[in-house]
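Descriptive structure summary
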Amino acid sequence: GAGVSQTPSNKVTEKGKYVELRCDPISGHTALYWYRQSLGQGPEFLIYFQGTGAADDSGLPNDRFFAVRPEGSVSTLKIQRTERGDSAVYLCASSLDPGQGAYEQFFGPGTRLTVL
Amino acid sequence: KQEVTQIPAALSVPEGENLVLNCSFTDSAIYNLQWFRQDPGKGLTSLLLIQSSQREQTSGRLNASLDKSSGRSTLYIAASQPGDSATYLCAVKDNYGQNFVFGPGTRLSVLP
């Protein structure tokens, strides 16, 4: 079926506003990852979901960042009181259940967030 | 804390050349290593995944090797083509968690 999709592709907001970024993983993939990529850098891990639960949120930079995956499929990354330093490309990836040893990640095209 | 570096940061070669991209990691207790390519303004495309028990993986003109003990992986591209121009990133998953740690990438330009 389709690959990982992310919406919106671009988001411009003002400092202090709230934003939501959406990720639709590949059907059947129970593992979902969020990353943040700044210009010229590799992606930086934010949070990992296994099913509905956040199994590892150690990469979230502070409590302004939060992510949910209520039904174990679509995930939303939420950023409160945005700051200019939050400007980056936010990438989502999914993979098959790690318990099966299938760790290959498939990435979406990303959401480019610009905070003015 | 795992750190991943990639050398060179950028590489420009004429079409047809064979080339090697390097990836180094500081903690050898890895579960696997994955190579990706990223085109400008796009997401990442998976190229090869090497499990920690493997020494290499091949796909078409690409060959990736893994030497865990020395903390190194190489991506070999044979007979390079202009369409290979992209940024190549390596990422390692260690044994402690579920996240991948990425290198900064090597920006490859293959000139026609």
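Residues numbered from 1 in each chain as written. Chains lettered and ligands numbered in written order. Predicted model: local features only at pLDDT ≥ 70, side-chain atom pairs only at ≥ 80, totals over all residues. Heavy atoms only, no water.

1. Some thoughts on the overall build of chain B
Threshold: Each helix is a run of DSSP H or I of at least 4 residues and each strand a run of E of at least 2, with the numbering of both proceeding from the N terminus. A radius of gyration in this sense is built from C-alpha atoms; the matching globule rule multiplies 2.2 Å by the number of residues raised to 0.38. Buried, partly exposed and exposed residues are distinguished by accessible area as a fraction of the type maximum, computed with a 1.4 Å probe on protein chains only: under 20%, between the cut-offs, and over 50%, respectively. Here, two residues are considered to be in contact whenever any of their heavy atoms come within 4.5 Å of each other. Note that accessible areas follow from Shrake-Rupley with a 1.4 Å probe, and for residues the cover is restricted to the protein chains shown.
Summing up its helical and strand segments, chain B has zero helices and 11 strands in all. Relative to the compact-globule value of 13 Å for 112 residues, chain B shows a C-alpha radius of gyration of 13 Å, a close match. The proportion of buried residues among the 112 residues of chain B is 46%. Considering only residue pairs separated by 6 or more positions, chain B has 55% of its internal contacts joining residues 24 or more positions apart. Counting every atom, chain B has about 5200 Å² of accessible surface; 48% of that belongs to carbon and sulfur.

2. Side note on the overall build of chain A
Rule in force here: When charges are tallied, Lys and Arg are placed among the positive residues and Asp and Glu among the negative ones, while His and the ends of the chain are skipped. Each charge is placed at NZ for Lys, CZ for Arg, CG for Asp and CD for Glu.
The secondary structure content of chain A amounts to zero helices and 11 strands. In chain A, the order of α-helices and β-strands from amino to carboxyl end is β-β-β-β-β-β-β-β-β-β-β. Taken over the C-alpha trace, chain A has a radius of gyration of 13 Å; the compact-globule value for 116 residues is 13 Å, and the two agree within 12%. Taken over the C-alpha atoms alone, chain A extends approximately 45 × 25 × 25 Å along its principal axes. Residue burial in chain A is summarised as follows: out of 116 residues, 47% are buried. As displayed, chain A offers around 5500 Å² of accessible surface, 47% of which is attributable to carbon and sulfur atoms. Positive and negative charge centroids in chain A, built from 11 and 12 side chains respectively, lie 9 Å apart.

3. Here's the deal with the interface of chain A and chain B
Formally: Two parts placed together each lose some accessible area under a 1.4 Å probe, and the buried area is that loss summed for both. Each reported salt bridge corresponds to a side-chain nitrogen of Lys or Arg within 4 Å of a carboxyl oxygen of Asp or Glu. Side-chain atoms alone can form a polar contact between residues adjacent in sequence; in general such a contact is a pair of N or O atoms within 3.5 Å, and within protein one must be able to donate a hydrogen while the other accepts it.
Counting residues at the interface gives 20 residues for chain A and 20 residues for chain B. Summing the contributions of chain A and of chain B, the shared interface buries around 1500 Å²; its carbon and sulfur component is 56%. Here chain A and chain B share zero salt bridges between them. Linking chain A to chain B there are three residue pairs in polar contact (both at pLDDT 80 or more).

4. Side note on the pattern of salt bridges
Applying the stated rule across the entire model yields six salt bridges over all chains. Residue R36(A) is joined to E44(A) by a salt bridge in which the shortest nitrogen-to-oxygen separation is 3.7 Å. By relative accessible area, E44(A) is classed as partly exposed at 40%. Across the salt bridge formed by D39(B) and R37(B), the nearest N and O atoms sit 2.7 Å from each other. Residues joined by salt bridges that share partners form a network here, namely R64(A), E83(A) and D86(A).

5. Quick word on the sheet that holds strand β1 (residues 5-7) of chain A
All names here are of chain A. The condition that has to hold: Two strands qualify as a pair provided that DSSP identifies no fewer than 2 bridges between them. To obtain an axis, a line is fitted to C-alpha atoms, over the contacting stretch when the element is a helix, and the angle between two such axes runs from 0 to 180 degrees between their N-to-C directions.
Strand order in this open sheet of four strands is β1-β3-β8-β7, and the pairing throughout is antiparallel. The open sheet terminates on both sides in strands that have one partner only, identified here as β1 and β7 (65-68). Strand-to-strand twist across the sheet, computed as the mean angle between neighbouring axes with direction ignored, equals 15 degrees. For β1 and strand β3 (residues 19-24), the ladder comprises three bridges, and the chain directions are antiparallel. If you follow T7 over to β3, its bridge partner there is R22.

6. Some points on the state of the cysteines
All names here are of chain A. We apply this condition: In what follows, a disulfide is any cysteine sulfur pair within 2.5 Å.
Enumeration over the complete set of coordinates arrives at two disulfides over all chains. Residue C23 pairs covalently with C92 via a disulfide, S to S 1.9 Å. One disulfide, between C23 and C92, carries an S-S torsion of -65 degrees and so falls in the left-handed class. One end of the pair, C23, is in strand β3; the other, C92, is in strand β9 (residues 88-95), with 69 residues separating them in the sequence.

None of the figures reported here should be taken as evidence of function without further support.
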